[in-house]
Every structure is written in structure tokens, then in C-alpha cells.
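# Architecture at a glance
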Amino acid sequence: MLSKFTALFCACALLSVTYAPAALASAASSIRISHPYVTAVAPGQTNSAAFLVLKNTSARNHALVGASSPAAKIVQLHTHLHVNGMMEMRQVKQIPIKAHGKTVLKHGGFHIMLINLRKPLKPGEQVPLTLTFEDGSHQEISAPVIKLSDTLKSMPMKMDRHH
Amino acid sequence: MKRIRWIIAALVVVLLIAGGFYWRSMRHPSPNSAGTPQGGDFTLQSADGPRSLHDFRGKVVLLYFGYTFCPDICPTTLTLIGQALSSLSPAQQAKIQGIFVTVDPARDTARKMKAYVRYFYPGLIGLTGNPQEIAAVARRYGVVYRKHEEKSGGYLIDHSAFIYLIGRHGTLRRTLPHGVPAATIAAALRQLLRQP
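Residues numbered from 1 in each chain as written. Chains lettered and ligands numbered in written order. Predicted model: local features only at pLDDT ≥ 70, side-chain atom pairs only at ≥ 80, totals over all residues. Heavy atoms only, no water.

### Focus: empty space enclosed by the protein
Per the counting criterion, the structure on display carries two cavities of 30 Å³ or more. By volume, the largest cavity is sized at about 80 Å³. Every residue lining the largest cavity is counted, 13 residues in all, and those nearest its centre are His80(A), Met87(A), Met89(A), Tyr67(B) and Ile157(B). Elements that contribute at least two residues to the lining of the largest cavity include exactly strand 5 (86-91) of chain A together with strand 7 (155-160) of chain B. Sort the elements by how many residues they give to the lining of the largest cavity and strand 7 of chain B lands first, with four residues. Space inside the second largest cavity adds up to approximately 30 Å³. Lining the second largest cavity, in full, are Thr77(B), Leu80(B), Ala161(B), Ile163(B), Pro177(B), His178(B), Gly179(B), Val180(B) and Ile185(B). In terms of residue class, the lining of the second largest cavity is made up of six nonpolar, three polar and no charged. (1 Å grid on protein atoms, 1.4 Å probe; cavity = no way out; pocket = protein on both sides within 12 Å on 5 of 7 lines; lining within 4 Å. Points joined across faces, edges and corners; volume = space filled by probe spheres on them. Helix = DSSP H or I, 4+ residues; strand = E, 2+ residues; numbered from the N terminus. Nonpolar A, V, L, I, M, F, W, Y, C, P; charged D, E, K, R; others polar.)

### Some words on the confidence of the model for chain B
All names here are of chain B. In this model, chain B carries an average pLDDT of 86, and 84% of its residues clear a pLDDT of 70 or more. Per-residue pLDDT, averaged within each element of chain B, yields its smallest value for helix 1 (residues 2-27) (58) and its largest for strand 5 (residues 125-127) (98). Per-residue pLDDT stays below 50 along residues 23-34; that stretch engages in six contacts with residues further than four places along the chain or on separate chains. In the predicted assembly, ipTM is 0.71 and pTM is 0.77. (pLDDT = per-residue confidence, 0-100. Contact = heavy atoms within 4.5 Å.)

### Observations regarding the state of the cysteines
Residue and element names in this part refer to chain B. Applying the stated rule across the entire model yields one disulfide over all chains. Disulfide pairing places Cys70 opposite Cys74 at an S-S distance of 2.5 Å. For the disulfide bridge between Cys70 and Cys74, the dihedral angle about the S-S bond is near 85°, and by the sign convention the bridge is right-handed. There is no split in this pair, since Cys70 and Cys74 are both buried. (Disulfide = S-S within 2.5 Å. Buried < 20%, exposed > 50% of the residue type's maximum accessible area, 1.4 Å probe, protein only.)

### Examining the sheet that holds strand 5 of chain B
All names here are of chain B. Ordered by their spatial adjacency, five strands build an open sheet running 5-4-3-8-9, and the pairing between neighbours is mixed. Bordering the open sheet on either side are strand 5 and strand 9 (172-176), each of which pairs with just one other strand. Across the sheet, the mean angle from the axis of one strand to that of its neighbour is 25°, orientation sign disregarded. As paired strands, strand 3 (residues 60-66) and strand 8 (residues 163-166) are joined by four bridges and run antiparallel to one another. The residue bridging Tyr64 from the neighbouring strand is Ile163, located in strand 8. Strands strand 3, strand 4 (96-102) and strand 8 of the sheet are contacted by helix 2 (residues 73-86), whose axis makes an angle of about 165° with strand 3. Contacts from helix 4 (residues 110-120) reach strand 4 and strand 5 within the one sheet, and its direction differs from that of strand 4 by about 130°. (Pairing = 2+ DSSP bridges. Axes fitted to C-alpha atoms, helices over the stretch in contact; angles between N-to-C directions.)

### Overview of the nonpolar core
Leu63(B), Tyr64(B), Phe65(B), Ile81(B), Tyr141(B), Ile185(B) and Leu189(B) are the most contacted members of the largest nonpolar core, which totals 65 residues. With residues up to four places along the chain from it excluded, the contact list for Leu189(B) reads Val60(B), Leu62(B), Leu85(B), Leu88(B), Ile96(B) and Leu165(B). Counting 31 residues, the second largest nonpolar core, distinct from the first, contains Leu54(A), Leu105(A), Leu114(A) and Leu131(A). (Core = buried A, V, L, I, M, F, W, Y, C linked by side-chain atoms within 4.5 Å.)

Written out as C-alpha cells, the structure reads:
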């Protein structure tokens, strides 16, 4: 009797190990990244930010939990809060991407903050970014450096003005 | 009887919610609760010497506060200001002075401010001063700011992000909220230029 259970347990364990990777694709493989860009900096400006669109093609919630880039000494996930007329920029632990949903990193909202740039970012350059998701999976992308005025022309800002 | 009980329960809920909002508003008074900022004259340092608001009498002055370490909000607003000014005729542009005042005088030197602001619009002036001078000007215009230490060792500055428009006689005429499009800034400037 016991051995029957053991056998059944072993079979189940084996099955789950065999099928787990297929059933649970990594977050990185479920997230489609589009429209990445980094804003070019003004003379003396040592910080910049990366923006992009994260699309979740899976039926599970995912989250961006970190980013790194050779372009900056420190890379952090940030958001903007508009509190009583004050613009506050705060580091966040993660940026959620809901199942079958889309999260847009945009001016005045979530962004990937590049702190202490190793050199000024000029339009036309490419910035490599490694994005890390909640399960530890990574995705490497390259974001073009775009002049801020060009990004604002093509994309009207959606600022939160209802607080 | 049952109905009365329900009404009382509903009233209690409403009162609790209202009380909560009142308590919140007392704890976090809006920076503008004191009414419209008074504005007024000031003198601060540019890379080319001291500049006062009264130096620009006869011109419409656009005033904005921020800092060069500001990664998103300030460059975005300065870009919109640059686009608004560039959309006006050269004659109109000649009658407007854009000024960017730092709220981070510890890091923003006059030279740094000059190089920074010209990137957004060649005619912009960048001003700095000692912390007391900056605080005095900020108070007069209702600008609020505070240092926010980062775990990484650096700091950011939380700040209000209004654009102040000052008429030709040096009085504060309009305050534009953060995030207004360049066309709105340009329209407000044109309107002030039409006023005597």
C-alpha cells in the first residue's frame, strides 16, 4: 500500500518537473517590449530616464523588478507622485504588468531612472538595458537616445492632474 | 423603526468619511491654501552677474523653479517652455524673458545653470543664489520644495512645478499647472503680451 503511494507520488513529482517549464514560461519570455527610448541630456545634466512599453502576453501577472545599464552607475525603477502640487519622485520595488495587460513607462509616471551617467547621452546613440523580472529572468534591449523635444512632439504627455 | 436605524447608520458612515477627509486636509495642507502667491521683485545670481526681476520691466517674464539634477519633470517642462517660446514670432519672443531658478543652490552653480538652460531655449536665463535667498523668492511665489535623501547616497528634490507668468509691470498674473502643453503656454504668453 505504502509503496503504491510512493510510486504515485514519485510519478506526480516527475510529471510536475517535466511539465513545469512548459506550463510556466518565464516572465521575460512573456513580456513584449516596444518603443524603448532614453532622453538625451542637457549640458551638465547627470541623470536621465528610460521609457518603454511592457506588454504581458501571458495569463499571469508579472512585474519588472530591476534594470541595469552600462550607461549609468545606478539604475533604479521610479515613479512620480503628484501630491498637493508637489512632484515627488520615488523609487519603487517593482512595476506591475498585469496578465494580458500593458504597462507604459512614460513622462510623469513609471520610468527607469539612470543616475550618474558615465557620459552625456547624445541623440542617435544606443543605450543597452538589461531588464529583470520577478522570477529572475532577464531581457536585454537597446534603447535609442532621443531628444526630449522630439518625444514630446510625437507623444502628448498624459499628466496626472486630478489630485 | 428599522428604516430609522438604517438612516442613522448611513449618517454615521457619511460623517466618518467627511471627518476623515477633513483630518487629511488638516494634516496635508495644500501649498496653495494661503491663496494666490504675491510674487514680487527679487535679485539672484546669473553666470553674467546679478539679475533682478525689475531688469525686465516692459517684458513679460516666464518664471520656473527646478534643478539640473531633476531627471524628468524639469527637462520636460523646460522643453515645453522652449517649444512655446519658439512658436511665437521673433517680435513676440523679444518681449518675453524666460527665467529658471534653481531650488538646489548647493549643486547648481550659475555657470552650470547657464549651460543647462540654453540647451532648451537660447534666451533662457538660469539663476542661483544662497539657500536663504532662494527660499525667500520661493516663498514669495508659493514654491514648495524639500530634499529627499536617496538610499544611494544622493538626493532628489521634491518640488512644486508651476509656471509663473509675470506681466510687463512686474506683477504676477498667471500660474500654469504642471503638464500643460506648449500651445497653452504660448497662448497665455500671447494674451499677456496684448495687455498694456
